[in-house]
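Okay, here's what each chain looks like letter by letter:
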Amino acid sequence: MGTPFAYFRGQFVPLSEAKISIMTHAFNYGTGVFEGIRGNWNEEEGEIYLFRMADHYQRLRRSCRIMMIHLPYSDEDLYAITTRLVELSGFQEDVYVRPMAYKSSEALGVRLHDLEDDFAIFVTPFGPYLDVERGARCCTSSWRRVEDTGIPARAKIIGIYVNSALAKTEANLKGFDEAIMLDERGHVSEGSGENLFMVADGKLYTPPPSDNILVGITRDTVIALAREELGIETVERPIDRTELYIADEVFLTGTAAHITPVIELDHRPIGTGKRGPITARLQGLYFQVIKGKHPKYRHWCTPCYSQVKR
Ligand SMILES: Cc1ncc(COP(=O)(O)O)c(C=O)c1O
C-alpha cells in the first residue's frame, strides 16, 4: 500500500513525474549533496517515525556549505515538507527519505560557482540493507577511502559515492557482504555506507572524524545509547586493520544498515564468529528507539501521520 511521491521544483508530484534533464550539472559532475533519513513503521500506532530528521538536515546544510549550494528553506520548511511527503505517500512499512540539494543548471563546465541550485526529496519503501541478525561477512577493500584533501568525506556528496560503489562491488563480487575501507595512512575508516565500531576489553572504539569518515547519525546514536543505557564509553581513536581481527566484536552502523554485526573479516571470524553480546544489546535498544518505542528518546522521532495538518 502507498504511492511514492516527490517534492520537486517546489511542488509535491508523483515520483514518476520528477525528472531532470541529462544536461543537469549534478548528473554530469556529481555536484550535489544528499541525505538518507529512515522512516520507521510502528505497527501498533499506525505511524511512521522519521529518525533524527533535524540532525540529517543539519548535516545536509553543512554539506551544502562545503559544496557552495544555496538551500533557500528554513529548518521548519524542510521538516514540514518532509513529513507531508511521507504522509502523502501513505506507506505502511519502513521507508527511506532522500533529500538532495544539487547544482541544477543545464550547463557544461566543472565548477561550483555561477550555477543554479535546486532541492528535491523522494520517498521509497526500504527494508533491511544488510542482515542484522546473521551479520555481515566483510573484506578489507583494495580501494582507499577518499581523503579530506581530495573529496571531503564529511560531506555527503553525490560524486563521492563512486568511492563507495567501487568498494561495495569489489566486496560483493568476491562473495562478501560489505567492504571495510582504510584511509591513505592505513587506518580503518568505514564501510561503503556505514561507520564502524570495535569492542575490545568491554570498551567501544570508533575511528575519529579526521580518519575520513562520514560522521554518522547512527554512530552518534550508538555512542549515546552505549553511554546512557549500558554505561560504556566510546573511545574515538585511529584503528589499525589487524586490531579488527583480534577484536571481541565489530559492528557497522548506518541509516540503511542500522546496527549490523561483522561476523567475519578477511576470512577470519570476529570473536565467536556470531553476533556479540554488546552488539545484541545495542541492537535491542536501537530498534526500540527508532520506532518511537523508548520514551527517553522519543524526541528523536518525528511522526508523519498523526501530527501533520491534513
Ligand atoms: C559513507 C557512509 N558512511 C557512514 C554512513 C552512516 O551515516 P548515518 O548513520 O548518518 O546514516 C553513511 C550513510 O549515510 C555513509 O554513506
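Residues numbered from 1 in each chain as written. Predicted model: local features only at pLDDT ≥ 70, side-chain atom pairs only at ≥ 80, totals over all residues.

## A short note on the packing of helix 2 (residues 53–67) against helix 3 (residues 75–89)
Then step 1. Two elements in contact, helix 2 and helix 3, have axes separated by 11 Å at closest approach and are oriented at 125°. With respect to each other, helix 2 and helix 3 are oriented oblique. Judged by the sense of rotation from one axis to the other, the crossing of helix 2 with helix 3 is right-handed. Taking contact as the criterion, the partners of Met 53, Ala 54 and Tyr 57 in helix 2 are, on helix 3, Asp 75, Leu 78, Tyr 79 and Thr 82. (Axes fitted to C-alpha atoms, helices over the stretch in contact; angles between N-to-C directions. Helix = DSSP H or I, 4+ residues; strand = E, 2+ residues; numbered from the N terminus. Parallel < 35°, antiparallel > 145°, perpendicular 65-115°, else oblique. Left-handed = near helix turned anticlockwise from the far one by under 90°. Contact = placed C-beta atoms within 7 Å.)

## Concerning the domain arrangement of the protein chain
Then step 1. Examined at the domain level, the protein chain breaks down into domain 1 (5–127) and domain 2 (136–290).
Then step 2. Measuring from the centre of the C-alpha atoms in domain 1 to the corresponding centre in domain 2 gives 25 Å.
Then step 3. Contacts between the two partners involve 22 residues from domain 1 and, on the opposite side, 10 residues from domain 2.
Then step 4. Mapped onto the side of domain 1 that touches domain 2, the elements with two or more residues apiece are helix 1 (25–29), strand 3 (32–34), strand 4 (37–42) and helix 2.
Then step 5. With seven residues, helix 2 is the single largest residue contributor to the side of domain 1 that touches domain 2.
Then step 6. In terms of residue class, the side of domain 1 that touches domain 2 is made up of nine nonpolar, seven polar and six charged. (Domains from an automatic or database assignment. Nonpolar A, V, L, I, M, F, W, Y, C, P; charged D, E, K, R; others polar.)

## Brief notes about the site of the ligand
Then step 1. Contacts to the ligand come from 14 residues, most closely from Gly 216, Ile 217, Thr 218, Gly 254 and Thr 255.
Then step 2. If you list the elements that add at least two residues to the shell around the ligand, you get helix 5 (217–230) and strand 14 (249–254).
Then step 3. For the shell around the ligand, the element with the most residues is helix 5, which contributes three residues.
Then step 4. Across the shell around the ligand, the residue classes break down as two nonpolar, nine polar and three charged. (Near = placed C-beta within 6 Å.)

## Examining the environment of Asn 172
Then step 1. Considering the arrangement of structural elements, one finds Asn 172 in helix 4 (residues 161–173).
Then step 2. Take Asn 172: there are 14 C-beta atoms within 10 Å of it, and that puts it in the partly exposed class.
Then step 3. Distance in space between the C-alpha atoms of Asn 172 and Pro 238 is 26 Å, their sequence separation being 66 residues. (Buried ≥ 20, exposed ≤ 12 C-beta atoms within 10 Å, placed from the backbone.)

## Describing the environment of Thr 31
Then step 1. For Thr 31, the location among the structural elements is in the loop between helix 1 and strand 3.
Then step 2. By the C-beta count within 10 Å, which is 24 here, Thr 31 ends up buried.
Then step 3. The sequence separation of Thr 31 and Asp 117 amounts to 86 residues, and the corresponding C-alpha distance is 9.9 Å.
Then step 4. In contact with Thr 31, not counting residues within four places along its chain, are His 25, Ala 26, Met 67, Tyr 102, Lys 103, Leu 112 and Gly 159.

## A look at the packing of helix 5 against helix 7 (residues 277–290)
Then step 1. Relative to each other, helix 5 and helix 7 sit at 110°, their axes nearing to 10 Å. Classed by the angle they form, the pair helix 5 and helix 7 counts as roughly perpendicular. Note on element contacts: helix 7 touches helix 5 through Arg 281, Leu 282, Leu 285, Tyr 286 and Val 289, opposite Thr 221, Val 222, Leu 225, Ala 226, Glu 229 and Leu 230.
Then step 2. Its residues assigned to classes, the contact of helix 5 with helix 7 shows eight nonpolar, one polar and two charged.

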